[in-house]
2 protein chains.
Amino acid sequence: MTVGGCACPFASRRALLAATAGLAGAIAGHRARADTAPAPAADRVPFRGAHQAGILTPQQSHVSFAAFDVTAPHRAALIALLRSWTEAAERLTAGATAAPLGADVSQPGADSGEALGLGAARLTLTFGFGPGLFEQNGADRFGLAALRPSALVELPRFNGDQLVPERSDGDLAVQACADDPQVAFHAIRQLARLAAAAARLRWVQAGFLPRARAGETPRNLMGFKDGTNNPSAADAAAVVWAGAEAPSWMQGGSYLVARRIRIALEHWDRTGIDFQEQTMGRRKYSGAPLGAHHEFDPLPLDATDADGNPVIAENAHVRLGAPASHGGTRLLRRGYAYDDGVSVTAERWPPWRQGLAYDAGLFFLAYQRDPRDGFIRIFETMAKLDALNQFTTHTGSAVFACPRGIQTGEFIGAALFASG
Amino acid sequence: MTVGGCACPFASRRALLAATAGLAGAIAGHRARADTAPAPAADRVPFRGAHQAGILTPQQSHVSFAAFDVTAPHRAALIALLRSWTEAAERLTAGATAAPLGADVSQPGADSGEALGLGAARLTLTFGFGPGLFEQNGADRFGLAALRPSALVELPRFNGDQLVPERSDGDLAVQACADDPQVAFHAIRQLARLAAAAARLRWVQAGFLPRARAGETPRNLMGFKDGTNNPSAADAAAVVWAGAEAPSWMQGGSYLVARRIRIALEHWDRTGIDFQEQTMGRRKYSGAPLGAHHEFDPLPLDATDADGNPVIAENAHVRLGAPASHGGTRLLRRGYAYDDGVSVTAERWPPWRQGLAYDAGLFFLAYQRDPRDGFIRIFETMAKLDALNQFTTHTGSAVFACPRGIQTGEFIGAALFASG
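Source: prediction; values computed, not measured.

A. A look at the relation of the copies chain A and chain B. In screw terms, the move from chain A to chain B is a rotation of 180 degrees and a rise of 0.0 Å along the axis, fitting with an RMSD of 0.0 Å. Seen this way, the second copy is the image of the first under a two-fold rotation axis. By C-alpha distance to the rotation axis, the residue of chain A lying nearest is A:Asp340, at 3.3 Å. Most of the interface of chain A is mirrored in chain B, where 100% of its interface residues again form contacts.

Rendered as structure tokens:
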């Protein structure tokens, strides 16, 4: 048996020889074991339920996020894709291969194999539908236009946006979160492969969080604690789940806004700690709001200093993001740091340095009941006024409707197609 | 106190106010605590010793690797950089900030802060000197040309190389490995900032491994176990450390070859399992060599099938990489998977698909006693013959001399400058 320089992927002679020698059976045995060993329960997040996992699920350490352009010519092909994704997602989140590996060694494996033995690693797969699924250049490709939620609007152009098309938008999205980067990567890779005939990758983004310390808020790449004021688990349900105002297929679902935010880390690092704290509205090391003492103290938005100036500046990041600044509007942030190396860039603020700089920052992910009363409402003001903007550049943007969870026998988004 | 739209990083009025109000002292207190809490011993890898850490250290889960171009005008500035890196590295690998944070809030922090509270996470920082430090365009910038090891050669152009200058070479290198991606990222960021007057980032590369399972060889993104035949800890010393043949400053050091290897994952996934196994020379699921039964069985390189053909093909990856194929030559691989998203590419083999494809694969790192009798010797053959080449493209390349470890009071590479 020799490869002999042949690049042909289907080497039937070798397959035959292997089968004759009984090797195929031995290999199949290996596969069956790798394929069926169940992941420990603590390592698994149930895929099915009233809501999709990966939204209220406590954040895993890594994300691999993918947006797809749908190429399916008709509704049936789109449904077939969602059915195949559903089957694969149920297996992957249980720590199994995307499909049973099979015994025919002449054929490509049903799974690329790099997650064998890694368990489920708390993998969640969260699916979203972009505006283009409902309408693309005025065309109702899949007969879904009438079912588009009014809340699934295209995001407006925000002040300062420098969006790159290759990092923005998409008809379908999959957020893979896991406590192992290879498990998250593997899941997206399998789904992309299953999509080959019906959708193609448009962009992907990896991200990470620091290792969790019980009860501690993780710090972002600006060195500040990030997420202190996120809704608690108890409060989050009212913040994220669409209700009776939504089409029935979206009731119990949530809207996801994704923004790739490059941070001028080199510039930030040259600013004084006091300036950083004024910009943010919190102390850097303790996380306490300015004018307060402890991280979880309420923001003293009305407090003034001896000169009558607000202790938390009018353009401080936490003030502009606070629910009190937007009639109580909240969203659930679920972002990750990203690190895409260095590239040539020009800083947007004095001293306008140019050269190689980190392409790193925040892959912002936020879930909400309605983006119009969530991210859009909050960020329209922040994009204009936030003192932090001089260090941040939004280079990618997308919005998706993530349908409610599914029960046994349903496929992802089944209710959308049932109602259409 | 208000930021008031001012982009000036040095806001002395606010600093004065903060100091007057006693806030500076409170902040300094926070800093002192964050700064001095020692990392648990199990979480720390000693920075000083006969050899640099990060070579024989059991692999951590994440790498952040940086190569720098030196801009220092003279030898003293280069030495000052290495001294400052040494001080910072000793602190960082102990889980501390790069420097004491200080109490003057009007000034930039001595550390960007995102690793506060994360501990040492087994951080290792391994430093290397590229050929350009000894000679650049024929110039002996730092009076080191006479001390260049004969083993520190520029790598030849290998068959199939598609090297990108922005991902290759460098005068200095730092390999940061840690069990937390944010700890590794943070360390490189601090060193890059300390280098500002003497060196600038040329390229950086992040990578990851799957979560370690005791006694299991991790799988690479091709789905195969990777590292089975790596030298054991007992054997590695003879493989990696330069001896009496090297200049005295390099005795106990090691040579690092870094290669960024893009893998055509989509193409690989369309090939049969049997073909993949023939290409690799091992079984995909068990890791056993073809013609053997268990992962750690010796490679049966002389075994033939009933037709007289070798069971492990002449161009199989494991055969061409085996020490027996190169007069016993070995190296220590210490690579990581990388995932840099998707980009437009053209496959190099039938069916020559073009379009968006993963820019993902292997960030290959290998240590050896002499690259001429290590990577170069092995890869000159593999680059021409390895059946795996149809799926791999080397897009980045660099070589560095990593000096021996240092004792208390020495700085990185001190022996190089002492001998010069």
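B. Spotlight on the interface of chain A and chain B. Residue-level contacts link 81 residues of chain A with 81 residues of chain B. For the side of chain A that touches chain B, the leading source of residues is strand 4 (residues 199–208) of chain A, giving 7 residues. Classifying every residue of the side of chain A that touches chain B gives 38 nonpolar, 23 polar and 20 charged.

C. Expanded view of the packing of helix 3 (residues 75–93) of chain A against helix 5 (residues 181–194) of chain A. All names here are of chain A. Put simply, helix 3 and helix 5 touch, their axes get as near as 10 Å, and they point 160 degrees apart. Looking at the two axes, helix 3 sits roughly antiparallel to helix 5. Our pair here, helix 3 against helix 5, has a crossing hand that is right-handed. On the side of helix 3, the interface is formed by Ser84, Trp85, Ala88 and Leu92, while helix 5 contributes Ala187, Gln190, Leu191 and Leu194. Class assignment of the residues belonging to the contact of helix 3 with helix 5 gives a composition of 6 nonpolar, 2 polar and no charged.

D. Region of interest: helix 10 (residues 375–385) of chain A. Residues and elements named next belong to chain A. Every buried residue belonging to helix 10 is among Phe375, Ile378, Phe379 and Met382, and all of these are buried. Within helix 10, the buried residues cover an arc of 85 degrees as seen down the axis, which keeps them to one side. The secondary structure elements touched by the buried residues of helix 10 are strand 5 (254–263), helix 9 (317–321) and strand 8 (354–368).

E. Broad picture of the environment of B:Ala96. Looking at the element boundaries, B:Ala96 is found in the loop between helix 3 (75–92) and strand 2 (124–129). Here B:Ala96 falls in the buried class, since 22 other C-beta atoms lie within 10 Å of it.

F. Up close: the environment of B:Ala146. Residue and element names in this part refer to chain B. Along the chain, Ala146 falls in the loop between strand 2 and strand 3 (172–178). For Ala146, a count of 10 C-beta atoms within 10 Å puts it in the exposed group. Between the C-alpha atom of Ala146 and that of Glu135, which follows or precedes it by 11 residues, the distance is 9.6 Å.

Thresholds, definitions, all that
- Residues numbered from 1 in each chain as written.
- Chains lettered and ligands numbered in written order.
- Predicted model: local features only at pLDDT ≥ 70, side-chain atom pairs only at ≥ 80, totals over all residues.
- Least-squares fit on C-alpha atoms with pLDDT ≥ 70 in both.
- Contact = placed C-beta atoms within 7 Å.
- Helix = DSSP H or I, 4+ residues; strand = E, 2+ residues; numbered from the N terminus.
- Nonpolar A, V, L, I, M, F, W, Y, C, P; charged D, E, K, R; others polar.
- Axes fitted to C-alpha atoms, helices over the stretch in contact; angles between N-to-C directions.
- Parallel < 35°, antiparallel > 145°, perpendicular 65-115°, else oblique.
- Left-handed = near helix turned anticlockwise from the far one by under 90°.
- Buried ≥ 20, exposed ≤ 12 C-beta atoms within 10 Å, placed from the backbone.
- Arc of directions from axis to C-beta.

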